[in-house]
Structure formats: structure tokens, C-alpha cells
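Given next are the chains, with one letter for each unit.
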Amino acid sequence: MNRQRLINDLKQGFMLKRIRAQEKAENNIKKLCENPEFNKLYTKYSKTKLDYLKSTYETENLMLKHDIEDLKTEIDNLLKKLGVDKQTLTPQYECLKCNDTGIVGGRICECLNHALNKKISTMTSTQTDFKSFEQSDENLLDETDKKAYEILKAWCKKYPDTTKTNINVIGGVGSGKTFMLECVAKEMLRQNCFVCYKTAFDINELARLYHIGKSYEFSDCINADILIIDDLGTEPILKNVTKEYLYNLINTRQINKKPTFISTNLSLDNILDRYDERIFSRLANKNLSINISLTSSDKRVK
Ligand SMILES: [Zn+2]
């Protein structure tokens, strides 16, 4: 994974952060507008500001500029009366140097540099922990396992000229599905890809934190070259989070032609029951998916 690409991916995460901060401020304003007094003042302020901006194209209208200042003072006073913190109405960025753009004066801001170093260190630390294809013991594998390994190895070799972007490895406890996906992770890291390997439980938690604006690490799952979701189906279903974020994650990655590997105990039918039709249809799409079944009663590769 080259540095520039890492920076670009991080910048996308930063953009999400900015959007969140802006949305939060806008929502606070919207809520305040339920107060008629504020609504009236704020509407007048917005209109005057717009008129002033228009005037600057020709001759700057200083009277409007003066009006804006007066309205600002009036709004400030009203906010004080209502006990509202003025700051909640403007986007609160985490980094005051770059307003979460990651760039200051055309150069990388400290905060982006810090995120970059953190990312590089986590990528290299996980790299050594994964099992590799060379470590799989041929003697312990049955025909289905061997075929599964062949498919996965061939896929890795073909990347990025691969048409199948969803690879689902279905099998029970002890079927070796996690081992297989670790081999994929290791191989793709060797190819310098940005690999994001997470359990479904972790992804669910990241989605929850993202949903409440506490962490933006979830964007790594969206942006990674290769996403590996281990043990789908073991995570709790959180209202408004689990199904929604999983669908968006899988769908966005499919649109961007970014491969997602999933290991799961669930059959495709179980996936339909547990999640919903949209998720099922993305994962079961024959044109885009490879389904490898390792369950002892139903060992087959489709
Ligand atoms: Zn910054």
C-alpha cells in the first residue's frame, strides 16, 4: 500500500468527520428554529447575509454588513437568554489547525500525519500475526478444503483483475474458515494492499461508535482494499445499526468494486432470516459472489 493511497483513504475519513460536525451544527440550528423568536431572527440573518454576499460582486453594501453585525448581536443575546451555547451552532472540528481537512497551507497537518503513522504501525503489526497459505497442512485437508484453498489462492493471484467481489466462506466451528481467511489477509498484505481484518463483532461495535459520532474507524472498513469480516452472525443485532451499516458497507464496497471476504456459520438462508433481503441479495448475487461451503454435512464449493 503506498503512502499516497493511505493518505487519500485517511482524508476520506476526515471528510466524514467534517460532514458529521457540520450536520450536528445544522441539526442544532434546526432544533432551535422551533423557537419562533429565534427562527425569525435567524431567517432574517441568513437572508441579510446572502444579500450582502451578492452585493460584494458589485459594490459592497456596507449597510447590510452593519445589519449583519446587529443581527449577530441580537442572536447572541437571545441565545444567552435561552441558555444555549453559541458554539453548538457552528461545526466543532477536532483539529483547530486544519478544521479536519488534514491539510494546512498545502501541507499535511500534524493530525493527519499522526493518523498516518498510527495506521502504518497497525498494518505492520498485524501482518506478522496472520497464517499463510504455506502453513496449511495438505495432509489435514479433505477434497473440499483443498478446492477451497485453490479457489482462494487463484483469486489472490488474479487480483486486482477479479470480477467476484464477495467471497463467502461458510462453515461451522473448527471447519478452518478463519485460517483460510487469514491466509488471504497475509497474501494480500504481501501484495501491499490495505487489508482490514475484523470480526463481525468488532465491525458492529465500530458501526455503533460511528453512528453516535464517537469514532470514525468504521470508514477503514469502507475504504480498505480488502475487507475481511470474520464470523458474521456472532454479533448482536443492534437496532438501526447492525443491518443498516452492514448493508451499506457491503453495498458501497460492491459499487466501488472492492472485495469483501466473509466467514460465517450461517447458511445463505440463515443470512436471509437474520439480516434482510438487501444484504442477502448482495451476498448471494452469483455474478459477484463466490460461496464456499465447508460444513461437514454440506461440503461443496459453488
Ligand atoms: Zn489537523
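Residues numbered from 1 in each chain as written. Predicted model: local features only at pLDDT ≥ 70, side-chain atom pairs only at ≥ 80, totals over all residues. Heavy atoms only, no water.

Caption draft 1: Up close: the pattern of salt bridges. Under the counting rule described, the total for this entry stands at 14 salt bridges. A salt bridge links Glu205 to Arg208; the nearest nitrogen and oxygen atoms lie 2.8 Å apart. Highlighted residues: Glu205 and Arg208, both in helix H7 (residues 200–211), separated by 3 residues, approximately one helical turn. Here Arg208 falls in the partly exposed class, since its relative accessible area comes to 32%. Taken together, the shared-partner salt bridges in this structure form one network comprising Glu134, Glu187 and Arg190. (Salt bridge = Lys/Arg side-chain N within 4 Å of Asp/Glu carboxyl O. Helix = DSSP H or I, 4+ residues; strand = E, 2+ residues; numbered from the N terminus. Buried < 20%, exposed > 50% of the residue type's maximum accessible area, 1.4 Å probe, protein only.)

Caption draft 2: Structural detail: the packing of helix H2 (residues 36–55) against helix H3 (residues 62–82). For the pair H2 and H3, the least separation of the axes is 9 Å and the interaxial angle reads 155 degrees. With respect to H3, the axis of H2 lies roughly antiparallel. Every pair of crossing elements has a handedness; the one defined by H2 and H3 is left-handed. Contacts between H2 and H3 involve Glu37, Phe38, Leu41, Tyr42, Lys44, Tyr45, Thr48, Lys49, Asp51 and Tyr52 on the former and, on the latter, Leu64, Lys65, Asp67, Ile68, Leu71, Lys72, Glu74, Ile75, Leu78, Leu79 and Lys81. Looking at side-chain class alone, the contact of H2 with H3 contains 11 nonpolar, 1 polar and 9 charged residues. (Axes fitted to C-alpha atoms, helices over the stretch in contact; angles between N-to-C directions. Parallel < 35°, antiparallel > 145°, perpendicular 65-115°, else oblique. Left-handed = near helix turned anticlockwise from the far one by under 90°. Contact = heavy atoms within 4.5 Å. Nonpolar A, V, L, I, M, F, W, Y, C, P; charged D, E, K, R; others polar.)

Caption draft 3: Seen up close, the packing of helix H9 (residues 242–255) against helix H11 (residues 277–284). Viewed as axis vectors pointing N to C, H9 and H11 meet at an angle of 30 degrees, and their least axial separation amounts to 9 Å. Considering the angle they form, H9 stands roughly parallel to H11. Note on packing geometry: the crossing formed by H9 with H11 is left-handed. Here Lys243, Leu246, Tyr247, Ile250, Asn251 and Gln254 of H9 come into contact with H11, specifically with Arg278, Ile279, Arg282 and Leu283. Residues that form the contact of H9 with H11 fall into these classes: 5 nonpolar, 2 polar and 3 charged.

Caption draft 4: Local environment of the domain arrangement of the protein chain. Split into domains, the protein chain comes out as domain 1 (3–94) and domain 2 (132–301). Taken residue by residue, the interface counts 8 residues in domain 1 and 9 residues in domain 2. Carbon and sulfur atoms make up 47% of the area that domain 1 and domain 2 hide from each other, which totals about 790 Å². For domain 1, the biggest contributors to the area lost against domain 2 are Asp9, Leu16 and Arg20; these three give 60% of the whole. Linking domain 1 with domain 2 are 0 salt bridges. (Domains from an automatic or database assignment. Buried area = accessible area lost by both parts, 1.4 Å probe.)

Caption draft 5: Spatial organisation of the side chain of Glu182. Residue placement: Glu182 occurs in helix H6 (residues 177–190). Notably, Glu182 is buried but unbridged: the nearest opposite-charge side chain belongs to Lys131, and the N-O separation is 4.3 Å. Within polar-contact distance, the side chain of Glu182 engages the backbone nitrogen of Lys131 at 3.0 Å. In this view, Glu182 contacts Asp129, Phe130, Lys131 and Tyr197; residues no more than four positions away in its chain are not counted. (Lys, Arg positive; Asp, Glu negative; His and termini not counted. Polar contact = N/O pair within 3.5 Å; in protein donor to acceptor, adjacent residues only side chain to side chain.)

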